[in-house]
Amino acid sequence: AAKRGRALLARGDLAGAVEAFARALRLDPGPARARELATAYCARAAARARDGELEAAWTDLRAAKELAPRDPRVRFRFASHALLTKRFADARAAFDELLADSAAALSPEDRRTARFRRARALRKLGDARGALADLDALLGERPREPNWLRLRAKVRLRLGDAEGARRDAEEAVAAAPEAPEGHFVVGQVLLQRGRPRDALAAFDRGLALSPAPDPALLTARAAARQALGDVEEALADVEEALRREPSARSAQLLRVQLLLGAGRVVEALRAARALREQFPQDPEAHAFCALAHQALGDLDEALRSARKALRLDPEHGNALVTCAGIEAERGRFREAATLYERALGSPDRIARERRWLEAKLRDLLDLWAEREGARAPLRFLWGRAEAHLAAGELVRAEEVCSLGLSLAPRDPLCLLLRARARRRRGDFEGALADLEEVLAQQPANTHALLERARLRVAQGKLDAARKDAERVLRLLSPEDENHSRAEELLDRIAGGAARR
């Protein structure tokens, strides 16, 4: 049976080979027979994948992995096909297992390929730092590998390192100027850095090098044209991308966005509903439905769609902004401000989006102050700043306090909380300026005195810190919590002075 299987495999009769090797395994169970059958399954999977039968190929590879779980070639093919079919968690787990097995007989080139593909899976799973670690290691061996440079540029862009992304993208183009993918990545970097005209030129270069118009490049060029205000040309690019690849999700999303921007709201809603039916678990599809319903004035339906998007992705930016806008229209200012502030906290926000959101939040806070007095939005901002400080989100805490100070420029609590965030970030000069402003207004503010004492300890100015802490003790009764904190600080100061 095995001899027949080998002959059929050599002739390319893969179904017959699988059947023959399976019979051999039934007659003579053992690892050698199992490996032969696994090899036949892998060969059939490769043929099926070439013919576009990706799910049938996945079934074969799963069977091969069960038969030969330690075979490095089987594991490599299984992990690679998982990545191809967008089973990113399966791909990552399989590549982790393969790369951790030092006994796996992989060639150095296959090991590098496995690491690169794991980086792709990690990026898709949102683990940008893990992907960056793999790519840094690979590029340490081959600094000018274009594929690795292109992927690292995308990862760095995700992490907010726009300058590093630009360097990687330009190096990738220099290493392979004829590759359209390099110009595509350069364009993405330029677009995210707020340079749509330069991005458009990069996408044009990429399309000129492509043997046929690439749907991803067409969609990217449409995004650049949208940023330049060329809505009709952008729509033409998106329509061409969808003609070539009707199921392209990013092109469909951009089309909805462009239709909304062009005021063709009914068409946009129809397109968004079709997208939602195609991708029912995609929060972006529900968020665009919400935007279309909001544009049509159907606020209840818009809120339902946005909340569905937030159930699928609690930090989805468009859904948060839509909900915030509706809550603001209904006069629910606290809820709206909370949603805007959550949207601002997203690490994926690019600078242009952040500025727009900050302006929206400031306008909302001004309206809230006008309707209910300045104390209402200030109380909200105090609470958010304290929450960010407790979570260690020092930059967000400082930003929230600065928003409060735009409403009430000398508010002592905003100044105090911002000083606390600045001290913990190491900005001692900025923190001291805030504390001096508080104490100029309220010389007996024990919170500010205690914070200034901590700051002076951090600066090594122990005598000045001791004076502030002793003043807190004189101002407070022993039962007060800050009294105890001042005593603890004085003990630390005494210990530091003794060591000196």
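If you're wondering where the values come from, they're calculated on a predicted model, not measured in any experiment.

On to the overall build of the chain, then. What the chain contains, in helices and strands, is 28 helices and zero strands. For the C-alpha atoms alone, the extent of the chain along its principal axes is close to 95 × 65 × 45 Å. A total of about 24,500 Å² of accessible surface is found on the chain, and carbon and sulfur atoms cover 48% of it. Side-chain charges in the chain split into 90 positive and 78 negative, and the spacing between the mean points of these groups amounts to 3 Å.

Judged by nonpolar contacts, the single largest core of 68 residues is most densely connected at Tyr-340, Leu-361, Leu-364, Leu-365, Trp-368, Leu-381 and Ile-493. Those residues in contact with Ile-493 that lie beyond four places of it in its chain are Val-457, Leu-462, Ala-465 and Arg-466. Counting residues in hydrophobic clusters, the runner-up holds 45 residues, among them Val-186, Ala-224, Ala-241 and Leu-259.

Now for the packing of aromatic side chains. A full pass over the atoms with the stated rule returns four aromatic pairs. With 6.2 Å between their ring centres and 45 degrees between their planes, Phe-184 and Phe-203 make a pair best called tilted. Of this pair, Phe-184 sits in helix 11 (residues 180-192) while Phe-203 sits in helix 12 (residues 196-209), placing them 19 residues apart in sequence. Judged on exposure class, the residue Phe-184 and its partner Phe-203 are both buried. Here the aromatic cluster, defined as three or more aromatic residues joined through ring pairs, consists of Phe-333, Trp-368 and Phe-380. Of note, Lys-65 hangs over the ring of Phe-78, and the distance from its end group to the ring centre comes to 5.1 Å.

With that settled, the discussion passes to helix 13 (residues 215-227). Taking 1.5 Å of rise per residue, the 13 residues of helix 13 would be expected to cover 18 Å, and the 19 Å separating its terminal C-alpha atoms lies within 8% of that figure. Residues of helix 13 that are buried include every one of Pro-215, Leu-217, Leu-218, Thr-219, Ala-220, Arg-221, Ala-222, Ala-223, Ala-224 and Arg-225, and no others. In the core, the buried residues of helix 13 are packed alongside helix 11, helix 12, helix 14 (231-244) and helix 15 (249-261). Measuring from the side-chain oxygen of the N-cap residue of helix 13 to the backbone nitrogen of Ala-216 gives 3.0 Å; that N-cap residue is Asp-214. Positioned one or two residues after helix 13, Gly-229 has a phi angle of 85 degrees, which is positive.

Turning our eyes to something else, we now look at unusual backbone geometry. Unusually for a residue other than glycine, Lys-86 sits at a positive phi of about 65 degrees. By secondary structure assignment, the location of Lys-86 is in the loop between helix 5 (72-84) and helix 6 (88-100).

The next subject is the environment of Pro-72. Residue placement: Pro-72 occurs in helix 5. Between the alpha carbons of Pro-72 and Val-438 there is a distance of 66 Å; along the sequence they are 366 residues apart.

A word on the pattern of salt bridges. Here the structure, examined in full by the defined rule, presents 59 salt bridges. Its salt-bridge partner being Arg-44, residue Asp-60 comes within 2.9 Å of it at the nearest N-O pair. Within this pair, whereas Asp-60 is found in helix 4 (residues 54-67), its partner Arg-44 is found in helix 3 (residues 31-50), the two being separated by 16 residues in sequence. Considered together, Asp-60 and Arg-44 belong to a single accessibility category, that of buried residues. Between Arg-115 and Asp-134 there is a salt bridge; the shortest N-O distance is 2.7 Å. Residue Arg-115 is located in helix 7 (residues 108-124), and its partner Asp-134 is located in helix 8 (residues 128-141); the two are separated by 19 residues in the primary sequence.

Let us now look at helix 9 (residues 146-158). Compared with an ideal rise of 1.5 Å per residue, which puts 13 residues at 18 Å, helix 9 spans 19 Å between its outermost C-alpha atoms and is within 8% of the ideal. Taken across its 13 residues, helix 9 has ten buried, putting it largely inside the fold. Those residues of helix 9 that sit buried are Pro-146, Trp-148, Leu-149, Arg-150, Leu-151, Arg-152, Ala-153, Val-155, Arg-156 and Leu-157. In the core, the buried residues of helix 9 are packed alongside helix 7, helix 8, helix 10 (162-175) and helix 11. At the exit of helix 9 stands Gly-160, carrying a positive phi of roughly 90 degrees.

So, about a positive patch on the surface. Among the surface-exposed residues, Arg-4, Arg-11, Arg-23 and Arg-26 lie close enough to one another that they form a single positively charged patch. Note on placement: Arg-11 falls in helix 1 (residues 2-11). In this structure Arg-11 comes out as exposed when scored by relative accessible area, which is 65%.

The interhelical angle for the contact between helix 18 (residues 299-312) and helix 19 (residues 317-329), taken along N-to-C directions, is 145 degrees, at an axis separation of 9 Å. Where helix 18 crosses over helix 19, the handedness of that crossing is left-handed. Counting all contacts with helix 18, which are made through Leu-299, Ala-302, Leu-303, Ala-306, Arg-307, Ala-309 and Leu-310, the residues of helix 19 involved are Ala-319, Leu-320, Thr-322, Cys-323, Ile-326, Glu-327 and Glu-329. Here the residues of the contact of helix 18 with helix 19 sort into ten nonpolar, one polar and three charged.

A separate point is the environment of Arg-6. Assignment of secondary structure puts Arg-6 in helix 1. Residues Arg-6 and Ala-374, 368 residues apart in the sequence, show an inter-C-alpha distance of 83 Å. Residues contacting Arg-6, with those up to four places away along its chain left out, are Phe-21 and Glu-36.

Our next topic: the environment of Arg-379. Looking at the element boundaries, Arg-379 is found in helix 22 (residues 375-390). Spatially, the C-alpha atom of Arg-379 lies 9.9 Å from that of Arg-334, the residues being 45 residues apart in sequence.

We now examine the packing of helix 1 against helix 2 (residues 14-27). For the pair helix 1 and helix 2, interaxial distance at closest approach is 8 Å and the crossing angle is 165 degrees. By the angle between their directions, the pair helix 1 and helix 2 is classed as roughly antiparallel. Considering how the two elements wind past one another, helix 1 and helix 2 form a crossing that is left-handed. Contact residues: Ala-2, Arg-4, Gly-5, Arg-6, Leu-8 and Leu-9 in helix 1; Leu-14, Gly-16, Ala-17, Ala-20, Phe-21 and Ala-24 in helix 2. Considered class by class, the residues forming the contact of helix 1 with helix 2 number eight nonpolar, two polar and two charged.

Rules of the game
- Residues numbered from 1 in each chain as written.
- Predicted model: local features only at pLDDT ≥ 70, side-chain atom pairs only at ≥ 80, totals over all residues.
- Heavy atoms only, no water.
- Helix = DSSP H or I, 4+ residues; strand = E, 2+ residues; numbered from the N terminus.
- Areas by Shrake-Rupley, 256 points an atom, 1.4 Å probe, with all protein chains shown as cover.
- Lys, Arg positive; Asp, Glu negative; His and termini not counted.
- Charge placed at Lys NZ, Arg CZ, Asp CG, Glu CD.
- Core = buried A, V, L, I, M, F, W, Y, C linked by side-chain atoms within 4.5 Å.
- Buried < 20%, exposed > 50% of the residue type's maximum accessible area, 1.4 Å probe, protein only.
- Contact = heavy atoms within 4.5 Å.
- Phe/Tyr/Trp six-rings, centres within 6.5 Å; stacked < 30°, edge-to-face > 60°.
- Lys NZ or Arg CZ within 6 Å of the ring centre and 35° of its normal.
- Expected span 1.5 Å × (residues − 1).
- Polar contact = N/O pair within 3.5 Å; in protein donor to acceptor, adjacent residues only side chain to side chain.
- Salt bridge = Lys/Arg side-chain N within 4 Å of Asp/Glu carboxyl O.
- Patch = residues over 30% accessible without salt bridge, like charges linked within 9 Å, V, L, I, M, F, W, Y side chains within 5 Å.
- Axes fitted to C-alpha atoms, helices over the stretch in contact; angles between N-to-C directions.
- Left-handed = near helix turned anticlockwise from the far one by under 90°.
- Nonpolar A, V, L, I, M, F, W, Y, C, P; charged D, E, K, R; others polar.
- Parallel < 35°, antiparallel > 145°, perpendicular 65-115°, else oblique.

These figures come from the coordinates and say nothing about function on their own.
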